[in-house]
Every structure is written in C-alpha cells, then in structure tokens.
Amino acid sequence: MTDVKFGTLEPIRYMAPDFDNTMVSYNVYGTILIEQDVDGAFKERIKSEVLSMIPIVFSEFNAREVKCLELPAMCSEMSNKLSERLREIGRKCNINVGGVVMDEESKKIIEEKQRAKIIADNPAIAQAEQIKAMQAAGVYTGGAVAYNGAADQPVQAQTGSINRPKFCPNCGTPVGPTGKFCGNCGSPLGV
C-alpha cells in the first residue's frame, strides 16, 4: 500500500447558489491510497488524474446547487466520487479528501454578503448602519432620525434636515453622497 498526498495548486472556482451565484474559490487536499507499491512516476500520474477530476466533482455539486458553505462538510462524498472515478479508469485507489478550504478573499466576499443580508432583513440594524454612514460622511451629527415607513427614506433629524445616505444596491456598502461607483464591488450607483 502506498500513500500519496495531494493538494490543488490553484484554487477551484465555485458558483455559490446560496449567494446569488457569486464566484468563490476553494483549495482541496487529501491522500490517495494506492493498493500496490508503485514508482514515483506512477504516483505523479495518479495525483495528476485526481487533481484533474476535482473541478468535475465541483461542477456536479454546482449542478445540484450545493450551498458553498456546505462544501467543507462534503469531504466524504467527494472522496467517494473521486475514488469511483479512478476505479472507472482502472486505478485501484481510494481517495481520502482531508479538507475543502475556502480562500481568504472568498471568505471576505461571503461575510460581506451575509452582513448585507442581515442588514436588509433587519430594519433596526439598517437604520443603525445608515446613521453610521451618515456620521462618516459628515451629514449627521446626532439626534433621532425619523423614517416615513421605509428604512431608506429619512425625513428629518432633530438637528435639522439631512442628506439621504447612499448604499450600494449590489453589496449594501455605505458610499459617499457623490459617489458614482461602489468602492467595494465596483457596481454603478445610478445617481
């Protein structure tokens, strides 16, 4: 029996159905258990075959609309799928996927999308975020803000009139009152 460690050299891209099909990236690592002793060239060939199969398995998960946050818990299923594919081409191997890890940039994107959803779903948090954005932009200096029923329509502050704060319609990031594009995601703000 021979063990061969593997890991993706480049992150595998995945379209996250649970976050509006945002593209995220993962690295996958594990061990290939080869049932017989083999030379170095054969080990590298099998490793290359496994690495080429990982994006195919990811595309199958995408077709089933597996949520991106569920992928790390699917190591066992991924191991079985990869082992099965190797057996189909005559390789006597078993795969043990040790981890599916989202890259740091993707984590930040997903965290921001989660934050924007929480804000959108909770008017009290949305109002607090608007006040913070207005303070940062220098258009709000204190006092209560009254709203006419909608979280994005301030009418009057106790300290006088206010400028309406702007948020990116794509990611929810507060933007300056004169901004034309979001500094976070680059989306046009539609002045």
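No experiment lies behind these values; they were computed from the predicted model shown. (Residues numbered from 1 in each chain as written. Predicted model: local features only at pLDDT ≥ 70, side-chain atom pairs only at ≥ 80, totals over all residues. Heavy atoms only, no water.)

### Re the packing of aromatic side chains
Selection rule: The aromatic pairing rule takes the rings of Phe, Tyr and Trp, using the six-membered ring of Trp, and pairs them if the centres are within 6.5 Å, calling planes under 30 degrees apart stacked, those over 60 edge-to-face and the rest tilted. Counting from the N terminus, the helices are the DSSP runs of H or I reaching at least four residues and the strands are the DSSP runs of E reaching at least two. Summary of the burial criterion: residues with accessible area below 20% of their type's maximum are buried, those above 50% are exposed, and those between are partly exposed, where the area comes from a 1.4 Å probe applied to protein chains only.
One pass over the full model with this rule turns up three aromatic pairs. Between Tyr14 and Phe58, the aromatic rings sit 5.8 Å apart at their centres with planes inclined by 85°, giving edge-to-face as the arrangement. Within this pair, whereas Tyr14 is found in strand S2 (residues 12-16), its partner Phe58 is found in helix H1 (residues 40-63), the two being separated by 44 residues in sequence. We classify Phe58 as buried; its relative accessible area is 2%. The structure contains a cluster of three or more aromatic residues connected by ring pairs, namely Tyr14, Tyr26 and Phe58.

### A closer look at the side chain of Thr8
Cut-off, in case you're wondering: Polar contact is the term for a pair of N or O atoms within 3.5 Å; when the atoms are in protein, one must be able to donate a hydrogen and the other to accept it, and sequence-neighboring residues count only if both atoms are side-chain atoms. Contacts are assigned to residue pairs with any non-hydrogen atoms lying within 4.5 Å of each other.
Within the element layout of this structure, Thr8 appears in the loop between strand S1 (2-7) and S2. The exposure class of Thr8 is buried, given its relative accessible area of 14%. Side chain to side chain, Thr8 and Asn27 meet in a polar contact 3.3 Å long. Those residues in contact with Thr8 that lie beyond four places of it in its chain are Tyr26, Asn27, Val28, Leu51 and Ile54.

### Quick word on unusual backbone geometry
One non-glycine residue, Asp20, adopts positive backbone phi at about 55°. Mapped onto the elements of the fold, Asp20 is located in the loop between S2 and strand S3 (22-34). A relative accessible area of 68% means that Asp20 is categorised as exposed. Backbone geometry at Glu65 places phi at a positive 55°, although glycine is not the residue there. Structurally, Glu65 can be placed in the loop between H1 and helix H2 (75-88).

### Side note on the packing of H1 against H2
When two helices pack together, their arrangement is captured by the angle between the axes and the distance separating the axes. What counts, and what does not: Angles shown run from 0 to 180 degrees and are taken between the N-to-C directions of axes, each axis being a line fitted to C-alpha atoms and, for helices, limited to the stretch in contact. Should an angle lie under 35 degrees it is considered roughly parallel, over 145 roughly antiparallel, and from 65 to 115 roughly perpendicular; all remaining angles are considered oblique. Here is the rule for handedness: rotate from the far helix to the near one, and if that takes an anticlockwise turn smaller than a right angle the crossing is left-handed, while a clockwise turn gives right-handed. Under this grouping Gly is polar, as are all residues other than the nonpolar Ala, Val, Leu, Ile, Met, Phe, Trp, Tyr, Cys and Pro and the charged Asp, Glu, Lys and Arg.
Where H1 contacts H2, the axes come no closer than 10 Å and their chain directions differ by 125°. When the interaxial angle is binned, H1 and H2 end up oblique. For H1 against H2, the interelement crossing comes out right-handed. For the pair H1 and H2, contact is made by Glu49, Val50, Met53, Ile54, Ile56, Val57, Phe58, Glu60 and Phe61 and by Glu77, Met78, Lys81, Leu82, Arg85 and Leu86, respectively. Across the contact of H1 with H2, the residue classes break down as ten nonpolar, no polar and five charged.

### Overview of H2
Every α-helix carries 3.6 residues per turn, so stepping three or four residues along brings you back to the same face. This is how it is decided: Take the residue count of a helix, subtract one, and multiply by 1.5 Å to get its expected span. By construction, the arc corresponds to the directions joining the helix axis to the C-beta atoms.
Over its 14 residues, H2 runs 20 Å from end to end, which matches the ideal 20 Å to within 8%, given 1.5 Å per residue. Cys75, Met78, Ser79, Leu82, Ser83 and Leu86 are the residues of H2 that are buried. End-on view of H2: buried residues confined to an arc of 130°, all on one side of the axis. Those residues of H2 that are exposed and angled more than 90 degrees off the buried face are Ser76 and Glu88. Positioned one or two residues after H2, Gly90 has a phi angle of 85°, which is positive.

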